Structure formats: structure tokens, C-alpha cells
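# Coordinate inspection notes
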Amino acid sequence: MVLPRLTPLRGAAGLVVGGVVGSVLLRKPEENDFAGAPLKRKIQRFQSLVDRGQDPQSLRKRSEMVAALKSGEEFDVLIVGAGCTGAGAALDAATRGLKTACVERGDFANETSSRSSKLIWGGFKYLQVAFAELLDRKTLTAPVSSLQKFISEFLMVYECCQERSWLAGQQPHLVEYVPQAVPFKTLVQWPPYFNHPFYSILPILAYPAFVFYDLLAGFNAPPAYVMSARETKKNFPQLEAPLYSAVYCEAMHNDARTGTAIALTAAMKGATIANYVEMTGFVHGGPDGATATGVTCVDKLTGEQFVVKAKAIVLATGPFLDSVRRMEDPGADKAVAAAAGCHIVLPGYFTPGGMGFCELRNSRGATMYFLPWLGNTVVGSTDKKCDATSSPHVTEDEIQYLVNEAASCLSSDIRLRRSDVISAWQGWRPLYRDPNAPPDAPVSRHHAIGHDEHTGVSFICGGKWSTYRAMAEELIDKVVAFKGAPLAHAKPCVSKEIKLLGGDG
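Here goes a summary of the coordinates provided. (Residues numbered from 1 in each chain as written. Predicted model: local features only at pLDDT ≥ 70, side-chain atom pairs only at ≥ 80, totals over all residues. Heavy atoms only, no water.)

## So, the overall build of the protein
Helix and strand counts for the protein stand at 12 helices and 20 strands. Relative to its full complement of 505 residues, the protein shows a buried share of 50%. Summing over all exposed atoms, the protein offers an accessible surface of approximately 24,300 Å²; the carbon and sulfur share of this is 56%. (Helix = DSSP H or I, 4+ residues; strand = E, 2+ residues; numbered from the N terminus. Buried < 20%, exposed > 50% of the residue type's maximum accessible area, 1.4 Å probe, protein only. Areas by Shrake-Rupley, 256 points an atom, 1.4 Å probe, with all protein chains shown as cover.)

Here it is, written out as C-alpha cells:
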């Protein structure tokens, strides 16, 4: 065999190729986490952390937390509500050096945050809503208004995508990416998706649309791809005659676990946070006697009543915000348009291989998701406007509705029955409603932060799991600015650098 002659050019090319291959094969593991902080060093033999960092055993007991609340000492910030938003705000405030208290009438994340779809979504549906605003006929007659709506929706989706990347990157012990297939039967759909004529050709545009969606998240999620009809049928034999599928990734989590981790991390960072402590009213003081200087509470485990004092009081009570505000002002305008969302759980064979799928337009024109979760399949959701109630149950009619709608998304050979339902739950979307908007105006998935100039109470309404951290940061920023000198010692936000409980050790 005759070897090729080694020339300087070939030698240089060989060194380049060898260097690239070597750098890939011999690359050291990542030394920094998603936020850029050095990873904790491990003992190689046992893969055990040298510095375990978080020690849950160091947490104060609930009795000690309640005793601190009853002590009469004034807190810098008192947050009412410990769902993902309230507990997130407590964590944010505590890590800025503010003396922080947080009370929750039930268990952490019990009312709303643990009753979600389990998705940490970037908002692909709302991305389409944004472009629909721009493509609407109203753009011709009111271009400024249409452009403002487009920018507003687009920036919301961008923020959701960025925060989803942070959650999956910085909290991988709680949040993980899950592929979602979107099957299409034709290249043109009528009636159109999202009730807009432009989206009749979404089957043609889906893949580039998902690539753009990945771009908004900084390409941190696994990339979108296309599955042929054969591959789609292989993965989802329960679907009827798919032409092809576009696959993209959203993130999922156990919302009850994540909510509890946020609350416990806030406690580890110094917040005084207690569950089963219900706020029953406001305490007033100040020069004119109108400023809220604290709240009255009851320990629901003992029945004991007490007062918690604070320089700043923040209501983060989700869909129950209006009822809490009306403790102070019975005539307060309604700020929440609560929507009940029900989900059912089906056997895991509906989402084999850890991949979910969604029907963008079911028989009633709505989007329906089939999501793999804890070995089973979550299906949802309904969207019924009604006032929020505590610990709601799911009616038989709602369960049967979801069974019927799920069946309409599957092949006619599949007989989905009520007996296939393993469990069900109902939660509330705390949708913000502008009190000055017309009665028929659509509600928003944005959040709103407000302050009562008379009493000094702040509140937050709306939002979603994906942006809980960013909402908490904005909330505490605005509370600090609103209160001025009493909270001037607050440090900048550092929540992006924090690993929630379980992330270290």
C-alpha cells in the first residue's frame, strides 16, 4: 500500500481536524452551571459533593416560624400567599437582605400552583396570537394599536421562553424538556387554526415556526424536527392518518414539588414562611391612621390569632385577590377574571416513549394536549370563566367533556371510556382583567402589579408558572421603589443565581 505524501498543507489540515476531534472527544465536563457559577466539586470515587451546600436539616421548624411571626417584631416585607408567585417573591426579597415574612392559608402551592397542566411553556400559542394581531384587518385602520398589541404579546412570549430556559438549565432536578409532536393530516386546514385565515397553512409553516420559537429561547431546548407519517404512526398508533408531525420541546415539572422547593429555599435564605396561617384582616396606623402596618392572622392548626407587622404588605393571592382586597375596600374594582382549568389523567400508553402530542384544533376549535407525566398521561384542558373557590372538585360533566374531546383527537378505532380516567383535578388561571376595559374585552396572560396609594398595600395579579421568577423580581423592584426610604437597604436581585432546594447535594 502506498501512503499519500505528507505535504505542509495536508499536515496543517490534519492538525486542524485532529484538534477539533480531540477537543470534542476529550472536552472536560462543564465547570459552570446555567447561571455561570462554578459547579460544586465531587469526589470521583463516590460522585459525592465535597461541599453539600444546602442542608434542609438547618431549616427552622414551623413552630419556630409561627413564633417569629407572633413576636411583634416588624418585618420589611410581608407577603400573603405562598404559591409560586408569593413564595418566589419571598425568596427574591430574602436574598436582597430584606427581613421577609410570608403566610399561606393552606399548604404551599396548594390552591393554584399545584393544579396546573405541569407545563413550563414558552407560549407558542400566544406567539401565533401576536402575529394574528399584526395580520388582522384592524392593522390597516389602527396600525399603532395593532403594533402595540403585537409587541406586547411578542415580548411576553420572549420572556416566557427565556425564563423557561433558565428553569430547565438552572433547576434540572425539577424541570426537564419533553418533546411534543404536533400531527397534521392535511397541508391546508379549514376551519383554520386559532380562528385566523392565515393559520390555515400552519401545517406548511409549522417547522420553521418551531425553529423561530427555539430561537426565542436561545436554542437552549432540544431542537425542533420533523417526523414522517411512518414515524408518527409508529410513535402514536392511536392517531388517524397523519400526514407528518412537527416536533418541538416544552418543559415539564411536578408543580407541587417545585412550589414546595421555592418555599423551602426561601426559608433557607432567611425568610420566615409558614403554611396554614390565614390572613383575616388589615391593621392600620401611620400619621393618618389609614396606612396598612400589618395583618391579623389565625394559626389554622391551633386557632390562635395574632398580628404580623410589616413596612410593606404584598398580596400574592392569585385568583383570590379580589376577595382579599375587599376585606379593606368592599367596593374595590374586580381585577381577576378567574378561569377554571380541568385536567384528567389517562394511562401512560397514550404517550409512549416520553413524548407528548397536541391537537391544535379539536372538535370545538380548542387546543388539547396529551402530556407524559409520572408514567401516565395528562390531558387538558377546559377553560370556564367563574369565580375561584378553595380546593375545588371536578364535576362528572367536566370529566366526561374531556373524555369526549380527547376521543375526538384519536383514531376511530380507539374507544376511550370514562373508566380509563385515573384521576382529575381543577385549578384556576388567575387572569388579569383591566377594571377600565369593556366587559367583553379579552383577558390577558400578562401579569399586573399595583399599589393602593391610600393604604400602601401592593398586589400582583395574573401570570404563569414559566415566569414566576421574573414576576417576583419585578414585584420586589416595584415594592422597594414604592416604599422608598424604609426599604432603601434592599440589594439588587440575585435570584437567577440561586439553585432551588435539591439542586446541590
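## Describing the pattern of salt bridges
Oppositely charged side chains can pair when the atoms bearing their charge come close. Throughout the structure, instances matching the rule amount to 20 salt bridges. The salt bridge involving aspartate 387 is made with lysine 334; its shortest N-O contact spans 2.9 Å. A residue pair is termed long-range when its members are at least 10 positions apart, and aspartate 387 in the loop between β17 (384-385) and α11 (396-408) and lysine 334 in the loop between α10 (321-328) and β13 (336-347) qualify at 53 residues. A relative accessible area of 35% means that lysine 334 is categorised as partly exposed. One salt-bridge network, in which partners are shared between bridges, spans Asp92, Arg96 and Asp477. (Salt bridge = Lys/Arg side-chain N within 4 Å of Asp/Glu carboxyl O.)

## Things to note about the packing of helix α4 (residues 124-135) against helix α7 (residues 202-216)
At a minimum axis distance of 11 Å, the contact between α4 and α7 shows a crossing angle of 105°. With respect to their mutual orientation, α4 and α7 come out roughly perpendicular. Across the interface between the two elements, Phe124, Leu127 and Phe131 of α4 pack against Ala209, Phe210, Phe212, Tyr213 and Leu216 of α7. (Axes fitted to C-alpha atoms, helices over the stretch in contact; angles between N-to-C directions. Parallel < 35°, antiparallel > 145°, perpendicular 65-115°, else oblique. Contact = heavy atoms within 4.5 Å.)

## A short note on the packing of helix α3 (residues 84-94) against helix α9 (residues 255-268)
Interaxial distance between α3 and α9 falls to 8 Å at its minimum, and their mutual angle equals 25°. Here α9 runs roughly parallel to α3, going by the angle between their axes. Between α3 and α9 lies a crossing whose hand is left-handed. Residues Cys84, Ala87, Gly88, Ala90, Leu91 and Ala94 of α3 form the contact with α9, whose own contacting residues are Ile262, Ala263, Thr265 and Ala266. Looking at the contact of α3 with α9, its residues break down into 8 nonpolar, 2 polar and no charged. (Left-handed = near helix turned anticlockwise from the far one by under 90°. Nonpolar A, V, L, I, M, F, W, Y, C, P; charged D, E, K, R; others polar.)

## Observations concerning the environment of tyrosine 468
Mapped onto the elements of the fold, tyrosine 468 is located in helix α12 (residues 468-483). Separated by 308 residues in the primary sequence, tyrosine 468 and cysteine 160 have C-alpha atoms spaced 9.6 Å apart. What tyrosine 468 contacts, discounting residues up to four positions off in sequence, is Cys84, Gly88, Trp166, Leu167, Ile262 and Leu500.

## Remarks on the pairing of β13
Of all the 12 residues making up β13, 12 are buried; the element is thus mostly covered by neighbouring parts of the structure. In this structure, β13 lies alongside β17, joined through 2 bridges in antiparallel fashion. Residue alanine 339 lies in a different strand from β17, and its bridge partner there is lysine 385. Two elements, β13 and strand β16 (residues 376-380), share 5 bridges in a ladder whose sense is antiparallel. Residue pairing for β16: histidine 343 is matched across the bridge by glycine 380. (Pairing = 2+ DSSP bridges.)

## Details of the packing of aromatic side chains
One pass over the structure, following the stated rule, counts 19 aromatic pairs. Three or more aromatic residues joined by ring pairs form one cluster here, namely Phe124, Phe210, Tyr213 and Tyr248. One cation-aromatic arrangement involves arginine 105 over phenylalanine 320; the distance from NZ or CZ to the ring centre is 4.6 Å. Sitting over the face of the ring of tryptophan 166, arginine 469 holds its NZ or CZ atom 5.6 Å from the ring centroid. (Phe/Tyr/Trp six-rings, centres within 6.5 Å; stacked < 30°, edge-to-face > 60°. Lys NZ or Arg CZ within 6 Å of the ring centre and 35° of its normal.)

## With respect to the state of the cysteines
Following the criterion strictly, the structure yields 0 disulfides and no others. Sulfur of cysteine 160: no disulfide; nearest cysteine sulfur belongs to cysteine 161 and is 6.9 Å away. (Disulfide = S-S within 2.5 Å.)

## Quick look at α7
Its maximal kink placed at proline 208, α7 deviates by approximately 30°. Burial in α7 covers these residues: Leu202, Pro203, Ala206, Ala209, Phe210, Tyr213, Asp214 and Leu216. Each element contacted by the buried residues of α7 is listed here: α4, α6 (143-170), β6 (175-184) and β8 (244-253). (Bend = angle between axes of the 7 residues up to and from the residue.)

## Let's talk about α10
Regarding α10, the residues found buried are Leu321, Asp322, Val324 and Arg325. In an axial view of α10, the angular spread of the buried residues amounts to 165°, which keeps them on one side of the axis. Lining the buried residues of α10 we find β10 (277-285), β12 (305-315), β13 and β20 (458-462). (Arc of directions from axis to C-beta.)

## Details of the side chain of glutamine 180
On the secondary structure map, glutamine 180 appears in strand β6. Its relative accessible area of 0% is what places glutamine 180 among the buried residues. Apart from the residues lying within four places of it in its own chain, the contact partners of glutamine 180 are Leu119, Ala246, Val247, Tyr248, Glu250, Met252, Gly356, Phe357, Phe370 and Leu371.

## Points about the pairing of strand β14 (residues 356-359)
Residues of β14 alternate between two faces, with Gly356 and Cys358 on one and Phe357 and Glu359 on the opposite face, all of them buried. Here 2 bridges tie β6 to β14, and the two strands are oriented parallel to one another. Paired with alanine 181 across the strands is phenylalanine 357, a residue of β14. Pairing geometry for β14 and strand β15 (residues 368-373), over 3 bridges, is antiparallel. Across the sheet, phenylalanine 357 pairs through a bridge with phenylalanine 370, a residue of β15.

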